[in-house]
Structure formats: structure tokens, C-alpha cells
Amino acid sequence: MSPRRVTLADVAKAAGVSRTTASLVLSGRGRELRISQDVEQRVLRTAEELQYRPNIVSRGLRTGTTRTIGFVSDTVATSRLAGDMIKGALEAARDRGFMLIIGETEGDAELERLLLQAMHDRQVDGLILASMFTRTIKVPKAVTTAPAVLLNALPKQPAPLPAILPGEVEAGRRAARVLLDAGHRDGIYLIGVGPRLRDVPAESLAAVERLVGIREALGEAGVKVAGARTCPDWQPEYGLSATRDLLRTVRPRALICFNDRIAMGAYQALDDFGLKVPADVSIVSFDDHPIASWMRPQLTTVALPHYELGRKAVDVLFGEIGRDHSAGDGVGEVHRVPMPVRHRESVAPSSGARACG
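Residues numbered from 1 in each chain as written. Predicted model: local features only at pLDDT ≥ 70, side-chain atom pairs only at ≥ 80, totals over all residues. Heavy atoms only, no water.

By the element assignment, R253 lies in the loop between α9 (236-247) and β8 (254-257). Each C-alpha atom of the pair R253 and A279 lies 9.4 Å from the other, and the pair is 26 residues apart in sequence. Of the polar contacts made by the side chain of R253, one reaches the backbone oxygen of D280; its length is 2.4 Å. (Helix = DSSP H or I, 4+ residues; strand = E, 2+ residues; numbered from the N terminus. Polar contact = N/O pair within 3.5 Å; in protein donor to acceptor, adjacent residues only side chain to side chain.)

Another aspect to go through is the pattern of salt bridges. Scanning all chains against the criterion turns up 20 salt bridges. In this structure, the salt-bridge partner of E220 is R173, at a minimum N-O distance of 2.9 Å. Placement of E220 in helix α8 (residues 205-220) and of R173 in helix α7 (residues 168-181) is noted, with a sequence separation of 47 residues between them. Exposure remark for E220: the relative accessible area of 59% places this residue in the exposed category. In this structure R173 comes out as buried when scored by relative accessible area, which is 13%. Of the charged contacts in the structure, one is a salt bridge between D288 and R342, with a shortest N-O distance of 3.3 Å. One end of the pair, D288, is in the loop between β9 (282-287) and α11 (291-294); the other, R342, is in strand β12 (residues 341-342), and 54 residues separate them in sequence. Judged by relative accessible area, which is 36%, R342 ranks as partly exposed. (Salt bridge = Lys/Arg side-chain N within 4 Å of Asp/Glu carboxyl O. Buried < 20%, exposed > 50% of the residue type's maximum accessible area, 1.4 Å probe, protein only.)

Strand order across the open sheet formed by six strands is β2-β1-β3-β4-β5-β11, with parallel pairing between neighbours. Strands with a single pairing partner mark the edges of an open sheet, and in this sheet they are β2 (99-104) and β11 (334-337). On average, each strand axis in the sheet is inclined to that of its neighbour by 25°, with strand direction left out of account. When strand β1 (residues 68-73) meets strand β3 (residues 126-137), the two strands line up parallel, connected through five bridges. (Pairing = 2+ DSSP bridges. Axes fitted to C-alpha atoms, helices over the stretch in contact; angles between N-to-C directions.)

Attention now goes to the environment of V149. Mapped onto the fold, V149 is located in strand β4 (residues 148-155). When its relative accessible area of 0% is taken as the criterion, V149 is described as buried. Sequence separation of V149 and Q117 is 32 residues, and the distance between their C-alpha atoms is 16 Å. Excluding residues that lie within four positions of it along the chain, V149 makes contacts with L127, I128, L129, P162, I164, A313, V316, L317 and E320. (Contact = heavy atoms within 4.5 Å.)

Any link to function would need more than the numbers given here.
Quick look at the structure:
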């Protein structure tokens, strides 16, 4: 049996004061209501000795706030890569004196419904509905009835919820600029999707937006994508087979891989063909997965800012708390978090740039 919780009445009795007096002292209003310093110190000392903690649920009923935030995701909590979203949200909530309550659905719609219901039953002050991969989602009706934000997701239908997403279009531009700055003007191939927008699954937001950014930056420099190989899944084995297929017909000067796992497979394919990174082929990628710094040479990549996404979600949510949500109309603002380039060793100046230098 768990020990009985120390109550406010216990503190008042042990300190020899009324329950009202104890409540006023512990809420910090003792001096304001002219309670003597001696009584105030006695109550505080007694509360410490008894290890009294206020009942958050009861206080929430009185004040209308429980100082808690619900964080419901599909598989973010169990993902090593995206787990920093939770860390960022936790720290941003803690900075404000709030606690994060975390639930994971594993993609089960019924479990999601029950988790959201449980969050509302616990009277959380706001909700973060998060996705492991950037995608569009059907927003549960229960989410729109209280302060809430979407994290790494957009609503399939117009919704009043703000959304926090990585800045994928600018990330694509940055990846292309890494190669342009190294003097690459031809022989640039894509591994993963492309080269045309219609060659990308519409539901893959990250792929679509990365490709848009790549094409924009190269186009502004008067450079065309030389070609592409698609991957049915962004895993090393598909990066390996796609790059092998490319190398059977052409000799690329540079590759833009659509994530680091694809790049890992591309490294292996290049090695199979006797080509070296970056001496023969430069590679730039996306995500900054831990494997990017383990690979040799280390991989230059545009990082997903998971920690910053989590913090931003809490910041935006606090702007929603206290706002009237009864109307439930309008379209929520989309907030983009910048994706920084991690410059490492997989990009070298093109042969043309070296010759000019």
C-alpha cells in the first residue's frame, strides 16, 4: 500500500493554525494578508518537515490550469532520430514550469482516440499532436476543441491548428548550394526521387519540398539536374541498388541523396565500382542521422532540427493557450524551422573548379 498523501489539513494541524492560514502561507499570500512572520515560518517549516506537496488536480480545478501539456505522437517517443523533438518540448515546457505528459499511438487510430480522451480527462492545458515523418494527417475532432498544435504534420483538410514543420524547401536549396559553391555545374544526379515533381509521391511532403528547393537553386544558377533514380523506400539497400543502376550507364560528378540512409547505400555502390567519395563523386544528403558522422568520409548533410522543432511547438502552443477556440474556423499558421547544413568531408571542388583555381 502506498503511503497516505500529506494534506493541507495535516500541515495546518501540525503547525497549530487554521487550514485557511496554512493555505494563504503556502500560496505565497501570507504577507499580503498580514500573517505574522513567525506563523509564516512555522507553516513553511512544518510543510517541509512533512514533505507536503500541493494537490495539482485540486489546484487546477480552482485556477483553471493544470500546468501540463499533452504530447501525443505516432512513433516519435521510440525513435532515436526524432526523439529530440520530445527533448526540446520537455525543456521548453519545463522552462515555463509545465510538465509534459507523453503518449504514443503506434499509428493506431483507436489508441490515438483513447489517448486524446485521457489527455482531456486530465485537463491538460494544451496538446501537441506529433508525427515521426513529415506528412499530412487527418486531424481528430477532439484536438480542435482545445489549444493544440501539429508538430511535423499538416492537416489533410483546412484546420485552425498551427503547424510546426522543418524548412524543407530551403533545405533543398541549401543542399544544392553546397555543390554549386564547390563548383559543380554538371553531372549532378538525384538518388531517391525525381528529377521531375511528378516523379515524387504526393504524400511525401519532405521529398516534394526538398526537390522544389533543389530545382530552384540549380535553376537560378543555370544548372539542370542531370538525372535521377527513384527508391521505393529510403533505406540503404534501395540507395545501393539505385546508385548501382545509375553507375551502369553514367559517371556522375555529384549526388544529392534524399536522406542519409540512401547515401549510405550510395557509398557502397560507388565503392563497388571503384569510385571514391569525394575525389570522384561528391555527395550531399539530408537528415543528419547518426550514421552521417559514422560514415567514412563523414557525410555532408542538411540536418533535421528535431530539438528546435519540439521547442517551437511549445512556444507556439503557449500562444494558443488562452485564445478563444470555440469558433474552430480559419486556417492555422505554418511555422518553418530552419534546417542547417552540417559540412563534413563528402564534398570536394569539381575538377573544373580545381582547374580554374
